[in-house]
Amino acid sequence: MTTRLLTVLSLLLIGLLAAPAHAQEDGLNLPTELYTLLRDGSIERFGLGAAGVAEVTPEASAPAVDFGLSPDGVWIAYRTDAGALEVYNMVTPETRSIDPEAGYPPYRGRGESIAWSPDGAALAYTRDGGLRVTFFDGGQSDVPVSPLLGLMWSPDGKYLAAEAENDVWWVYRRDGVQMVLHAALPSSRGAAWVSPSLLMIAPAEGGLAVMDVANA
């Protein structure tokens, strides 16, 4: 081994020994917890600092095909490979069956196929036949529509933006336990809520625009 190589290795060793302990423990240095769905259908959480990685799905659960985290970070909603929607409390732990006939998402990994309302009172999820919203206080709303890629609730939970194929977006308004079509966007390469009623869009022809859904 040459003298130069020994010098390089010595410097690397010194650097590792001099590094703060927390830097070695917190290799990812994440700003918030990260949840991932593995190929075997289990859900893992990458914790902060020295928390490490932990599986957060129930031991007896069937493999999950998609999932969504509740606004308070306590519950995980997940759909099993049997097409049933369940929620799991990561603190207690407790599992509840929400919709045994939730079906399957037409697309995976291209958007939020399960979306909690900001107040945690409803779950919206994509299905083969369109969109379904289940309300925890009772009631369910089915919306037949073309296959959807992802869902986004407005900050106040009054509106739900749904992305379809070919850059088409649908905006639904919550009316009790029903979801009513409120607006349609024939072309947008993306969208984001900037306020409870303002939806920013990116038309295919370029630029950005803001739609005030409260005023159509």
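Residues numbered from 1 in each chain as written. Predicted model: local features only at pLDDT ≥ 70, side-chain atom pairs only at ≥ 80, totals over all residues. Heavy atoms only, no water.

Engineer: Explain the sheet that holds strand E13 (residues 159-164) to me, please; I cannot follow it from the model alone.
Structural biologist: One open sheet holds the four strands; their spatial order is E12-E13-E14-E15, and the pairing between them is antiparallel. Each edge of the open sheet carries a strand with a single partner, namely strand E12 (148-153) and strand E15 (178-185). The mean angle between the axes of side-by-side strands here comes to 25°, regardless of whether they run parallel or antiparallel. The sheet contact formed by strand E14 (residues 169-175) and E15 spans seven bridges and is antiparallel. When the sheet's bridge partners are listed, Asp175 is paired in E15 with Gln178. (Pairing = 2+ DSSP bridges. Helix = DSSP H or I, 4+ residues; strand = E, 2+ residues; numbered from the N terminus. Axes fitted to C-alpha atoms, helices over the stretch in contact; angles between N-to-C directions.)

Engineer: Please clarify how unusual backbone geometry should be interpreted in this entry.
Structural biologist: Where the residue is not glycine, phi is negative for most of them; where a peptide bond is considered, it is trans in most cases. Note that the residue after Thr92, namely Pro93, is joined by a cis bond; omega there is -20°. If you trace the backbone, Pro93 turns up in the loop between strand E6 (85-89) and strand E7 (94-99). Phi is positive for Asn166, which is not a glycine, with a value near 60°. Among the secondary structure elements, Asn166 is positioned in the loop between E13 and E14. Residue Asn166 is classed as exposed on the basis of its relative accessible area, which comes to 69%. Within the chain, Asp167 stands out as a residue other than glycine whose phi angle is a positive 65°. Tracing the sequence through the fold places Asp167 in the loop between E13 and E14. (Buried < 20%, exposed > 50% of the residue type's maximum accessible area, 1.4 Å probe, protein only.)

Engineer: Even after reading the chapter, I still don't get the sheet that holds strand E2 (residues 43-46), so can you show me in this structure?
Structural biologist: Sheets are built from strands paired through backbone hydrogen bonds, the pairs being either parallel or antiparallel. Read from one edge to the other, the open sheet built from three strands follows the order E1-E2-E3, with strand pairing classed as antiparallel. Because the sheet does not close on itself, it has two edges, and the strands there are strand E1 (34-37) and strand E3 (53-55). Here the strands of the sheet are splayed against their neighbours by 25° on average, with no regard to which way each runs. Both E1 and E2 contribute to a ladder of four bridges, which runs antiparallel. Residue Tyr35 lies in a different strand from E2, and its bridge partner there is Arg45.

Engineer: When you look at the environment of Ala183 in this model, what are you seeing that I'm missing?
Structural biologist: Structurally, Ala183 can be placed in strand E15. Counting along the chain gives 14 residues from Ala183 to Trp169, while the straight-line C-alpha distance between them is 8.5 Å. Aside from chain neighbours lying at most four places away, what touches Ala183 is Trp169, Trp170, Val171 and Met211. (Contact = heavy atoms within 4.5 Å.)

Engineer: Is there a simple way to explain the pattern of salt bridges in this structure?
Structural biologist: Between side chains of opposite charge, a pair can form as their charged atoms come close. Applying the stated rule across the entire model yields six salt bridges. With a shortest N-O distance of 3.9 Å, Arg127 and Asp142 are connected by a salt bridge. Of this pair, Arg127 sits in strand E9 (residues 122-127) while Asp142 is found in strand E11 (residues 140-144), placing the two residues 15 residues apart along the sequence. Among the residues examined, Arg127 registers a relative accessible area of 18% and is labelled buried. Exposure remark for Asp142: the relative accessible area of 42% places this residue in the partly exposed category. Each of Asp99, Arg127, Arg132 and Asp142 takes part in one network of salt bridges that share partners. (Salt bridge = Lys/Arg side-chain N within 4 Å of Asp/Glu carboxyl O.)

Engineer: Quick question: what am I supposed to make of the side chain of Thr80 here?
Structural biologist: Here Thr80 shows up in strand E5 (residues 75-80). For Thr80, the contacting residues outside a window of four places in its chain are Ala62, Pro63, Ala64, Val65, Glu86 and Tyr104.

Engineer: Is there a simple way to think about the nonpolar core in this case?
Structural biologist: In globular proteins that are soluble, nonpolar side chains generally tend to be buried together. One finds Leu131, Val133, Leu151, Trp153, Leu160 and Met179 to be the most contacted residues of the largest nonpolar core, which totals 16 residues. If you list the elements that add at least two residues to this core, you get E9, strand E10 (130-135), E12 and E13. When near neighbours in sequence (up to four residues on either side) are disregarded, Leu131 contacts Ala124, Tyr125, Ser141, Asp142, Val143, Val145, Leu148, Leu151, Leu160 and Tyr172. Core analysis: the second largest hydrophobic core is formed by twelve residues, Trp169, Ala183, Leu185 and Trp193 among them. (Core = buried A, V, L, I, M, F, W, Y, C linked by side-chain atoms within 4.5 Å.)

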